[in-house]
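Notes for the structure review
Now for the letters of each chain:
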Amino acid sequence: MKKIAIEEHFTTAALAHYSEPAAALFDPARWETAMRRLLDFTGVRLPQMDELGIDMEVLSLTAPGIQAELDRALAVKRAAQANDALAEIVRAHPTRFSGFAALALQDPDGAAAELERAVTQLGLCGALVNGHTHGEYLDAAKFHPVWERAEALGVPIYLHPANSYDVWHNLRGHEELIGPMWSWGVETATHALRILFGGVFDRFPGTTLVLGHMGEGLPALLWRLDSRWEFLDQRGIRLAKPRPSDYVRDNMVITTSGVCAHAPLLGSLLALGADRIMFATDYPLESNHEAVRFIETAPISEPDRAKICHRNAERLLGL
Ligand code: MN
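All values reported here derive from a predicted model rather than from experimental measurement. (Residues numbered from 1 in each chain as written. Predicted model: local features only at pLDDT ≥ 70, side-chain atom pairs only at ≥ 80, totals over all residues. Heavy atoms only, no water.)

Focus: the overall build of the chain
Secondary structure summary: the chain contains 12 helices and eight strands in total. Computed over its C-alpha atoms, the radius of gyration of the chain comes to 18 Å, within 12% of the 20 Å expected for a compact globule of 319 residues. Seen along its three principal axes, the alpha-carbon backbone of the chain occupies a region of about 55 × 50 × 45 Å. When burial is assessed residue by residue, the chain has 55% of its 319 residues classed as buried. Within the chain, residue pairs in contact and separated by at least 24 positions form 79% of the contacts whose partners lie at least 6 positions apart. Here the chain displays about 13,800 Å² of accessible surface, and carbon together with sulfur accounts for 54% of that area. Separation between the mean location of the 30 positive side-chain charges and that of the 41 negative ones in the chain comes to 3 Å. (Helix = DSSP H or I, 4+ residues; strand = E, 2+ residues; numbered from the N terminus. Rg over C-alpha atoms; globule rule 2.2 N^0.38 Å. Buried < 20%, exposed > 50% of the residue type's maximum accessible area, 1.4 Å probe, protein only. Contact = heavy atoms within 4.5 Å. Areas by Shrake-Rupley, 256 points an atom, 1.4 Å probe, with all protein chains shown as cover. Lys, Arg positive; Asp, Glu negative; His and termini not counted. Charge placed at Lys NZ, Arg CZ, Asp CG, Glu CD.)

Structure representation (structure tokens):
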């Protein structure tokens, strides 16, 4: 079956230094391989896509990317460089690669303009954001121009994990909990809920937020969110739709990146429906072989598999 994988990462020689903090999350040999593969497009990546039947990868600059840059002007410059480099790869292999833009959210108005340039001039199909930007989250009013532009352009924003702004008290003494195994999911789900309860989807109802890693746990928690939202007497917050889950179902789409297990896939299918899940690997930090085996053997109907493997991505990303 045709497959489009939508959380697949790259870097360039000029941008590779932003990935250095992530090295601590991997053993040295694994990190060395990952770095080599992040810089590669045609040596290992494309032949492996051919071997496994991955027709297209939607590429994004690996986390934390230019959001880690402290110098605002340099971040703006680097984001444009990253997007130009990505567009060049897409232009060279238009049937095999598409891409999400990197945005320098250090400059929200500039980020909105860069998103428009990336979509209308470079042919990219949305943006991928690596969590907070120096402690600021996408519910803040200063980021409204970015949402407004994404809505107008009809492109999604992929919220990708990164380390939290500070180390939570309950993680101290348990470094193993910091990173993709645990804290990234909590951090990213919390960020998504800030966006939801911050009213972003009421203000910009046409926007789509993409969450990786099978929705960062949210699909399993919808009933509890709805029931406790009523209990809270909504804390003076007024949302247009009655239940938090309405926004998760209407404005969020999840991907299977980094979760190759059928139980959470089936749970997410029941919670969100087959139109809201897209296939992804999280290459090269995760295995393409395992991701492909997982989706090809999932106990789901063939029409649902087609939606997850390619149809939803084609519709949402205009591929
Ligand atoms: Mn990833």
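After presenting the structure, the write-up continues.
Here's the deal with the coordination of the manganese ion
On the protein side, the manganese ion has Glu7 (OE), His9 (NE2), His160 (NE2) and Asp282 (OD) as donor atoms, found 2.0 to 2.2 Å from it. Binding-site remark: the manganese ion is held by donors from one chain whose sequence spacing is E-x1-H-x150-H-x121-D. In this pair, histidine 9 is assigned in strand β1 (residues 4-10) and histidine 160 in strand β5 (residues 157-160), connecting sequence segments 151 residues apart. Of the two residues examined, histidine 9 and histidine 160, each falls in the buried class. (Donors = N, O, S within 2.8 Å, 3.2 Å for Na, K, Ca; no water.)

Observations concerning the packing of helix α2 (residues 45-52) against helix α11 (residues 288-296)
Each pair of packed helices can be summarised by the angle the axes make with each other and by the distance between the axes. Packing of α2 against α11 brings their axes to within 11 Å, and their N-to-C directions diverge by 25°. The angle between the axes of α2 and α11 places the two elements in the roughly parallel class. Here α2 and α11 pass one another in a crossing that is right-handed. Across from Gln48, Glu51 and Leu52 in α2, the residues of α11 making contact are Asn288, His289 and Val292. Along the lines of polarity and charge, the residues of the contact of α2 with α11 split into two nonpolar, three polar and one charged. (Axes fitted to C-alpha atoms, helices over the stretch in contact; angles between N-to-C directions. Parallel < 35°, antiparallel > 145°, perpendicular 65-115°, else oblique. Left-handed = near helix turned anticlockwise from the far one by under 90°. Nonpolar A, V, L, I, M, F, W, Y, C, P; charged D, E, K, R; others polar.)

What to know about the pattern of salt bridges
Tallying each qualifying case throughout the model produces 16 salt bridges. Ionic pairing is found between glutamate 114 and arginine 117, a salt bridge with its closest N-O pair at 2.9 Å. Residue glutamate 114 and its partner arginine 117 are located together in helix α4 (residues 108-120), separated by three residues, close to a single helical turn. For arginine 305, the salt bridge identified is with glutamate 302, shortest N-O distance 2.8 Å. A residue pair is termed a helical-turn pair when its members lie 3 or 4 positions apart in one helix, as arginine 305 and glutamate 302 do in helix α12 (residues 302-317) at three residues. (Salt bridge = Lys/Arg side-chain N within 4 Å of Asp/Glu carboxyl O.)

Re unusual backbone geometry
With an omega dihedral of -5°, the bond running from alanine 63 to proline 64 counts as a cis peptide bond. Position of proline 64 relative to the elements: it lies in the loop between β2 (56-61) and α3 (72-92). A cis geometry characterises the amide bond from tyrosine 283 onward to proline 284, with omega recorded as 0°. Note that proline 284 resides in the loop between β8 (277-278) and α11. The phi angle at histidine 213 is positive, at roughly 50°, despite the residue not being glycine. Owing to a relative accessible area of 18%, histidine 213 belongs among the buried residues under this scheme. With a phi angle near 85°, aspartate 282 is a residue other than glycine that sits in the positive phi range. As for its placement among the helices and strands, aspartate 282 is situated in the loop between β8 and α11.

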